[in-house]
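Listed below are the residues making up each chain.
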Amino acid sequence: MIQRSLRHVWHPCTQMKLHESQPPVPIARAEGVWLYDFEGKRYLDGISSWWVNLFGHNHPHIKAALLDQLDRLDHVMLAGFTHQPVVELSERLAALTGLGHAFYGSDGASATEIALKMSAHYWRNTGRPEKCRFIGLAGGYHGETVGALAVTDIAIFREAYAPLVRLAATVPSPDVRGALDGESAADVARRAAAGLQSWLAQHHAQTAALILEPMVQCAAGMAMYDASYLREARALCDRYEVHLIADEIATGFGRTGTMFAHQQAGIKPDFICLSKGLTGGTLPLSAVLTTDTVYDAFYDDDVARGFLHSHSYTGNPLACRAALATLELFVQTNVLARNAELAQLLDQAFAPLTRHPSVRNARRLGMIWAWDIDETASGAAPLPHFAHRYARHALAHGVVLRPIGNTLYAMPPYAMDAETAAHLAHGALAALEATLAEI
Ligand SMILES: *Cc1c(COP(=O)(O)O)cnc(C)c1O
């Protein structure tokens, strides 16, 4: 199976040559927080399969909804047609966010593209076509299609494609790790907001939107920041007439402790991008939600003033049904309250790792834990390929963890318990010790 895979499958986010020393792991099935290989060895899915899974794999409620939907309607195009799952999902998302119009895509990056295009097109439709530039935060990640790369400030994903990309401006990140001597998280947020302000003061007339990941810049290495930044950013966007796009693709659906991360600041964005957890980790689906004001600017007799964007599978009924089943799980049990208790349990389990002498900046928000590893703490030289080595040791200990650079993190499904928490925490620490032992 591995040989066949390597011959014909080109894996994402992977230098394929690295598979010579570390082949991909064939997975036969998954259940709850566990992935099983063909020999029956199991791995705890400590990063929720790239942050998409919420309630565990093979969840009976989502599975039943999908099977039922398969009997009714597999797919119909959403141009000229509509169907029950997409209507109900749009109603529910409107109720949850206060943004009443939902446009669908398939992946997170397509949601970013949709939000950017909608924002610029809004300004064009309202007589200000010069407002067509974007701003993002330093270290921001919004996907890797050519349009999304314009606002993704991560060099390794962007460098090779720089000539293709119409770069957005980057303003300072409020990442608390950037605190100068004696600065609090709120001080860092204030300083970053001042950077945003001076940029907007000069360029607002050409700027359509600011896009950001609320509360946690996940791909930047789980960079967490103070909610006051979002309040200041909202106020500045209002003052300078610039849209605020909240990219909740990774942070949505309870991951940061509230249903959506921006709610911790009590603000309302002009656009919200959703994907990843939207279907509980079962099928690709993304959505962009926006306001009546934006929607109304497209509503016209003139076809060209409409938002003519489309994807073949826009609003796929199976994916929408999986999303509805996922949202039903939030209604059936008090997921956020249960997660708050679960997080205490995991905090305790992670305590030995958090206190490890090579660990810096231990942090948590909701169901995201992160630690920066200083592998030179004992005076040694930096270890090349830290993340890759660590992931290999973690697998050997039965846990899936993929550090980002030297940032180790856990983002487990919400279906953890005391036993799986202990397994995850033990594996994370053992893998750290095994990796450091290679120095
Ligand atoms: C993962 C992610 C995306 C991109 O989603 P894809 O489905 O991988 O295209 C965009 N924004 C954020 C914040 C993400 O975490």
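Residues numbered from 1 in each chain as written. Predicted model: local features only at pLDDT ≥ 70, side-chain atom pairs only at ≥ 80, totals over all residues. Heavy atoms only, no water.

A.B. asks: Just checking my understanding: could you explain the pattern of salt bridges for this structure?
C.D. replies: Side chains that carry opposite charge are capable of pairing whenever their charged atoms lie near each other. Using the criterion set out here, one finds 17 salt bridges in the structure. Salt-bridge contacts for R190 lead to D187; the nearest nitrogen and oxygen are separated by 3.0 Å. Taken together, the residues span about one helical turn, with R190 and D187 both in helix α8 (residues 185-203) at a distance of three residues. Look at R190 and you get partly exposed, because its relative accessible area is 47%. Residue R364 pairs with D347 through a salt bridge whose shortest N-O separation is 2.9 Å. A residue pair is termed long-range when its members are at least 10 positions apart, and R364 in strand β13 (residues 359-365) and D347 in helix α12 (residues 335-354) qualify at 17 residues. Look at R364 and you get partly exposed, because its relative accessible area is 31%. (Salt bridge = Lys/Arg side-chain N within 4 Å of Asp/Glu carboxyl O. Helix = DSSP H or I, 4+ residues; strand = E, 2+ residues; numbered from the N terminus. Buried < 20%, exposed > 50% of the residue type's maximum accessible area, 1.4 Å probe, protein only.)

A.B. asks: Just checking my understanding: could you explain the packing of aromatic side chains for this structure?
C.D. replies: Within a pair of aromatic rings, the relevant descriptors are the distance that separates the centres and the angle that separates the planes. If you walk through the whole model with that rule in mind, you get 13 aromatic pairs. Ring centres of F55 and F330 lie 5.3 Å apart, and the angle between their planes is 75 degrees; on these two criteria the pair is classed as edge-to-face. Note that F55 is positioned in the loop between α2 (48-51) and α3 (60-72) and F330 in helix α11 (residues 317-332), a separation of 275 residues in sequence. Taken together, a centroid distance of 4.8 Å and an interplanar angle of 65 degrees make the contact between F350 and W371 edge-to-face. Of this pair, F350 sits in helix α12 while W371 sits in strand β14 (residues 368-373); the two residues are 21 residues apart in sequence, bridging distant segments of the chain. A single burial state applies to F350 and to W371, both of which are buried. (Phe/Tyr/Trp six-rings, centres within 6.5 Å; stacked < 30°, edge-to-face > 60°.)

A.B. asks: Any chance you could explain the layout of surface pockets here in plain terms?
C.D. replies: Empty space left among the atoms is revealed by rolling a probe the size of a water molecule over them. For the second largest pocket, the calculated volume is near 410 Å³. Together, 14 residues line the second largest pocket, and H101, F103, Y295, F298 and F307 are the ones closest to its centre. The greatest single-element share of the lining of the second largest pocket, amounting to three residues, is contributed by strand β4 (residues 101-105). A per-class count over the lining of the second largest pocket returns eight nonpolar, five polar and one charged. (1 Å grid on protein atoms, 1.4 Å probe; cavity = no way out; pocket = protein on both sides within 12 Å on 5 of 7 lines; lining within 4 Å. Points joined across faces, edges and corners; volume = space filled by probe spheres on them. Nonpolar A, V, L, I, M, F, W, Y, C, P; charged D, E, K, R; others polar.)

A.B. asks: What is the right way to read the environment of E248 from this model?
C.D. replies: Relative to the elements of secondary structure, E248 occurs in the loop between β10 (243-247) and β11 (271-274). As for E248 and L274, which are separated by 26 residues in sequence, their C-alpha atoms are 5.4 Å apart. Sequence-distant contacts of E248, that is, excluding residues within four places in its chain, are made with P214, F260, A261, H262, I272, C273 and L274. Of note is the side chain of E248, whose polar atom sits 2.9 Å from the backbone nitrogen of A261. (Contact = heavy atoms within 4.5 Å. Polar contact = N/O pair within 3.5 Å; in protein donor to acceptor, adjacent residues only side chain to side chain.)

A.B. asks: When you look at the site of the ligand in this model, what are you seeing that I'm missing?
C.D. replies: Neighbouring residues of the ligand: W51, D107, G108, A109, Y141, H142, G143, E213, D247, I249, A250 and K276. Note that an oxygen atom of the ligand is positioned 2.8 Å from one of the backbone N or O atoms of A109. Y141 is positioned such that a nitrogen or oxygen atom in its backbone is 3.4 Å from a nitrogen atom of the ligand. Computed on the free molecule, the ligand has an accessible area of 380 Å², of which 84% lies beneath the protein chains in the complex. When the residues that make up the shell around the ligand are grouped by side-chain class, the tally is five nonpolar, three polar and four charged. (Near = heavy atom within 4 Å. Areas by Shrake-Rupley, 256 points an atom, 1.4 Å probe, with all protein chains shown as cover.)

A.B. asks: Explain the sheet that holds strand β6 (residues 169-171) to me, please; I cannot follow it from the model alone.
C.D. replies: Two orientations exist for strands paired in a sheet by backbone hydrogen bonds: parallel and antiparallel. Strand order in the open sheet formed by seven strands is β4-β12-β11-β10-β7-β5-β6, and the pairing between neighbours is mixed. This sheet does not close on itself; its edge strands, each paired only once, are β4 and β6. For this sheet, the mean angle separating the axes of adjacent strands, direction not counted, is 25 degrees. Across the sheet, helix α5 (residues 108-125) is in contact with β4, β5 (133-137), β7 (207-212), β10, β11 and β12 (286-290); its angle to β12 comes to roughly 25 degrees. In this fold helix α9 (residues 228-239) packs onto β5, β6, β7 and β10, with an angle of close to 170 degrees to the strand it touches most, β7. (Pairing = 2+ DSSP bridges. Axes fitted to C-alpha atoms, helices over the stretch in contact; angles between N-to-C directions.)

A.B. asks: Sorry if this is basic, but what is going on with the nonpolar core here?
C.D. replies: Y229, F350 and L401 are the most contacted members of the largest nonpolar core, which totals 106 residues. For this core, the leading source of residues is α11, giving ten residues. Residues contacting Y229, with those up to four places away along its chain left out, are L137, V171, P172, P174, A189, A192, A193, L196 and L212. In this structure, A120, F134, I245 and F271 belong to the second largest nonpolar core, which totals 24 residues. (Core = buried A, V, L, I, M, F, W, Y, C linked by side-chain atoms within 4.5 Å.)

A.B. asks: I'm lost on the sheet that holds β14 in this one. Help?
C.D. replies: Read across the sheet, three strands follow the order β13-β14-β16 without closing on themselves; strand pairing throughout is antiparallel. Single-partner strands in this sheet number two, and they are β13 and β16 (407-410). Across this sheet, the average inter-strand angle for adjacent strands is 15 degrees, counted without regard to direction. Relative to β16, β14 runs antiparallel, the two sharing four bridges. Considered in β16, the bridge of A370 is made with Y409. Relative to β14, α12 is tilted by about 10 degrees, and along the sheet it contacts β13, β14 and β16.

A.B. asks: Where do I start with the packing of α12 against helix α14 (residues 418-436) in this structure?
C.D. replies: For the pair α12 and α14, the least separation of the axes is 9 Å and the interaxial angle reads 20 degrees. Classified by the interaxial angle, the pair formed by α12 and α14 is roughly parallel. The way α12 lies across α14 gives a crossing that is right-handed. Facing α12, whose interface residues are L345, L346, A349, F350, P352 and L353, α14 presents A418, A421, L424, A425, A428, L429 and L432. Considering only residue class, the contact of α12 with α14 consists of 13 nonpolar, no polar and no charged. (Parallel < 35°, antiparallel > 145°, perpendicular 65-115°, else oblique. Left-handed = near helix turned anticlockwise from the far one by under 90°.)

A.B. asks: Got a minute to help me understand the side chain of N53 in this structure?
C.D. replies: Structurally, N53 is set in the loop between α2 and α3. Polar contacts involving the side chain of N53 include one to the main-chain amide nitrogen of F55, which spans 3.4 Å.

A.B. asks: Can you help me understand the state of the cysteines in this one?
C.D. replies: One way to say it: the disulfide is the covalent bond shared by the sulfur atoms of two cysteines. With the rule as written, the count across this model stands at zero disulfides. Cysteine C320 remains unbridged, with the sulfur of C273 as its closest cysteine sulfur at 16 Å. (Disulfide = S-S within 2.5 Å.)

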